Amino acid sequence: MSKNKKTFFIKINGKSYRAKEGQTILDVALKNKIFITRLCYHPDTVAQGSCRLCLVEIKGKKGLFTACNTQAEPEMDILTDSKNISRAKQTNLELIFTEHCEECADCIYKYNCSIKEFAKENKVKINKFPDRKKDHPVHQFGPALIFDSKKCIDCGICVDICKKVGACFLEYEKKGDFYEVTPSSDPKKDCIYCGQCLTHCPVGAFEGVGEFESIEEPLKQKDQGKTVVFQFAPSIRSTIGEEFGMPHGSIVTGRLIAAIKKLGIENVFDVSVAADVTTIEEAKELIERLGDKKASVPMFTSCCPGWVKYLEFYQPEFIPHLTSVRSPQIIMGGLIKTYWAEKNNIDPKDIVVVSIMPCVAKKYEIERPEVMIGDIKPVDHVLTTREFAQLLKKHKIDLKEVKAVAPDPFISAPTGAGVIYGASGGVMESALRTAYKMITGKKLPKLELKQVRGIEGFKKAEIDIDGKKLKVGVVNGAANAQKILDELKENPKAYDYVEMMACFGGCIGGGGQPVPVNDEIRKKRAQGLYNIDNRKNIRMADESPFVKTLYKEFLADHDNVHKTCHTTFSKKEKEVHPTPYKK
Ligand code: FES
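Since the model is a prediction, treat every value here as computed from it, not as a measurement.

Enquirer: What should I look at first to understand the pattern of salt bridges in this one?
Expert: Applying the stated criterion to the full structure yields 47 salt bridges. D44 is the partner of R522 in a salt bridge, and the nearest nitrogen-oxygen pair spans 2.5 Å. Here the residue R522 occupies a position in helix α16 (residues 519-535), and D44 occupies one in the loop between α1 (25-31) and β3 (55-58), the gap between them amounting to 478 residues. With respect to burial, R522 and D44 carry one shared label: buried. The partner of R368 in a salt bridge is E370, and the shortest N-O contact between them spans 3.4 Å. Across the pair, exposure class does not vary: R368 and E370 are buried alike. Linked by salt bridges that have partners in common, E429, R433, K446, E448, R453, D533 and R539 make up one network.

Enquirer: I would appreciate a short explanation of the side chain of Q23 in the present structure.
Expert: By secondary structure assignment, the location of Q23 is in the loop between β2 (15-20) and α1. The class for Q23 is buried, based on a relative accessible area of 11%. A polar contact of 2.8 Å, which involves the side chain of Q23, links it to the backbone nitrogen of K20.

Enquirer: Got a minute to help me understand the layout of surface pockets in this structure?
Expert: Over the atoms, a rolled probe matching the size of one water molecule traces out where space is still vacant. Here the largest pocket is characterised by a volume of approximately 1,300 Å³. Sorting the residues of the lining of the largest pocket by element identifies α1, α3 (114-121), α5 (196-200), α15 (478-490) and α16 as the ones contributing at least two each. Among the residues making up the lining of the largest pocket, the classes are represented as 16 nonpolar, 11 polar and 11 charged.

Enquirer: How should I be thinking about empty space enclosed by the protein in this particular structure?
Expert: Enumeration over the complete set of coordinates arrives at six cavities of 30 Å³ or more. Space inside the largest cavity adds up to approximately 250 Å³. Lining the largest cavity are 26 residues, and of these C303, P358, K362, M501 and C507 lie nearest its centre. Among the residues making up the lining of the largest cavity, the classes are represented as 18 nonpolar, seven polar and one charged.

Enquirer: Where do I start with the environment of E73 in this structure?
Expert: Relative to the elements of secondary structure, E73 occurs in the loop between β4 (64-66) and β5 (77-79). For the pair E73 and C197, spaced 124 residues apart in sequence, the C-alpha to C-alpha distance is 33 Å. Apart from residues lying up to four places away in sequence, E73 is in contact with F8, F9, I10 and K61.

Enquirer: Just checking my understanding: could you explain the packing of aromatic side chains for this structure?
Expert: Within a pair of aromatic rings, the relevant descriptors are the distance that separates the centres and the angle that separates the planes. Using the criterion set out here, one finds 12 aromatic pairs in the structure. Plain terms: the ring middles of F147 and F206 are 4.6 Å apart, the flat faces sit at 15° to each other, and that makes the pair stacked. One end of the pair, F147, is in strand β7 (residues 145-148); the other, F206, is in strand β10 (residues 206-208), and 59 residues separate them in sequence. The exposure class assigned to F147 is buried, which follows from its relative accessible area of 0%. Classification of F206 by relative accessible area gives buried; the value is 1%. Following the ring pairs from residue to residue traces out a cluster consisting of F300, W307, Y310, F313, Y314 and F318. In this arrangement the basic side chain of K174 is found over the ring face of Y179, its NZ or CZ atom lying 5.5 Å from the centre. One cation-aromatic arrangement involves K393 over F244; the distance from NZ or CZ to the ring centre is 5.3 Å.

So, how was this worked out
- Here the residue numbering is sequential within each chain, running from 1 through the sequence in written order.
- Selection of residues for local features in this predicted model requires a pLDDT of at least 70, selection of side-chain atom pairs for listing and counting requires 80 or more, and totals for whole chains, interfaces and linings are taken over all residues.
- Side-chain figures throughout are based on the complete set of non-hydrogen atoms in the structure, without hydrogens or water.
- Counted as salt bridges are all cases of a side-chain nitrogen of Lys or Arg within 4 Å of a carboxyl oxygen of Asp or Glu.
- Secondary structure elements are defined from DSSP: runs of H or I of at least 4 residues count as helices, runs of E of at least 2 residues count as strands, and each element is numbered from the N terminus.
- Each residue's exposure class comes from its accessible area (1.4 Å probe, protein chains only) as a fraction of the maximum for that residue type: buried when under 20%, exposed when over 50%, partly exposed otherwise.
- By the criterion applied in these results, polar contacts are pairs of N or O atoms within 3.5 Å in which, for protein atoms, one can donate a hydrogen and the other can accept it, and in which residues neighboring in sequence qualify only through two side-chain atoms.
- Each cavity reported here is a set of points on a 1 Å grid over the protein atoms alone in which a 1.4 Å probe fits but cannot get out, each pocket an open set with protein on both sides within 12 Å along at least five of seven lines, and each lining residue one with an atom within 4 Å of a point.
- Grid points are joined across faces, edges and corners, and a volume is the space filled by probe spheres set on the points.
- Note on residue classes: Ala, Val, Leu, Ile, Met, Phe, Trp, Tyr, Cys and Pro are nonpolar, Asp, Glu, Lys and Arg are charged, and everything else, Gly too, is polar.
- Two residues qualify as a contact provided that any one of their heavy atoms is within 4.5 Å of a heavy atom in the partner residue.
- Two rings belonging to Phe, Tyr or Trp (six-membered ring only in the last case) form a pair when the distance between their centres is within 6.5 Å. Interplanar angles under 30 degrees mark stacking, angles over 60 mark edge-to-face geometry, and anything in between is tilted.
- Any Lys NZ or Arg CZ found within 6 Å of a ring centre and within 35 degrees of that ring's normal is scored as a charge over the ring.

Interpretation note: all reported values are geometric properties and have no functional meaning in isolation.
Written out as structure tokens, the structure reads:
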């Protein structure tokens, strides 16, 4: 908010508070830690004003007002609690429950359900009226997402967030007397599987495919004599603690490894190690492209499958700009089933690779035929952060109580550059640290590229590499990526290198991460990763002992580099999403 905005005072429950022009009553209340019940409000979206639970009275004005979309005005005198407010809130909650079929046992809000809390506080009978939507369909969006319209209260947050992301796949449709949320039937609109609808829905109407049904699947395969290995993404170490009541941004790498081992899994790999490989390959490709007049420049990162799906579906003419380097999850899975399998004399067909990922789109990524290595599928299962936490809870393993173990010093020892992949700007920062060294033979004077850090959706910078200015862009949210694509249509030389992520804040804000989430939480999660990087002795991907050995023993062979580290992309048509989906 601009510093020049006028300030004034309002009263809430008899006490005076400073407000700024443009703030809503809820903004002022939240800033001053005054609780107002709210369901359809999320700071990432425009106020929906649809649940009508944030009711307040304004002295001198008739009726009740929704605090989330009523502007504060000088000398307003506001009450957040009264008999009228309670009665109206009660009725509105009862109406919300006619929209929402409760399926609490398999809901992502099983342990922190707002509407159940509100019902308790307001003494509301949750089944006073029959469920209006009990025959509504359950939709499946590709191998990534489930949308159960029986649970949807049509508040519109998902529609707004889907638009903000840039997919515009969810929309309102008039059905009889109601407007209801529905997937678009427009052949030009498709889901990009980012899962932001899921992390923003206040009532758990969205979930990952298999989120409650398949979490035990990998362990069953262990019992069938397979070698089951787990790998975890860079961002998980600073997010999963939240599921166990730890503060946002707590770093739990050692506890995470210990918890996986408690499940009986011997082999645990840190995907940040493969991020170091992605960095080296991507830095090499960037340098090659910049030196080749015929190559497609700018180069775009490609490790976010939601962003890749967006580009392949919505803007396929830009596909040649995507780096051919595989994402860290796919590189790690491929290396486990080739390099590691050979070293340990295990048939790759007997290895089951399970990823713990921040993202539901990673469930889609492992099914892409382009990632196969001959007939080997690099990764067999993806569990989101939430799913893995649920698996631990089912096995009565409390991450808070687990004693941390040290990671394998060789195969699970990433550099700081590999760990920061989880935050928006991290992929670019890692690649530029190495590219700078490859070009100049020296280390960057300052390894921290603060210009590309931060959770803002759109960052631009110029990085000086030996007198040459490299024009870079870092965006999160496909709508911001679209702004860059539009800029490039006007000026193809506007950028040299662009990092794109579909989710707000990058992987730390991914669709598979704990809920709820907002900017404050994203900042703390990202800071956790930067703190690790700061403390690492090795902060350059090319200086990792594992990576050096890998390039000597395995990636010296061009064929091995090609099959484990690179992939292809192609134009995608709208997918057929099976509806109704049967659980
Ligand atoms: Fe204000 Fe829902 S939070 S109407």
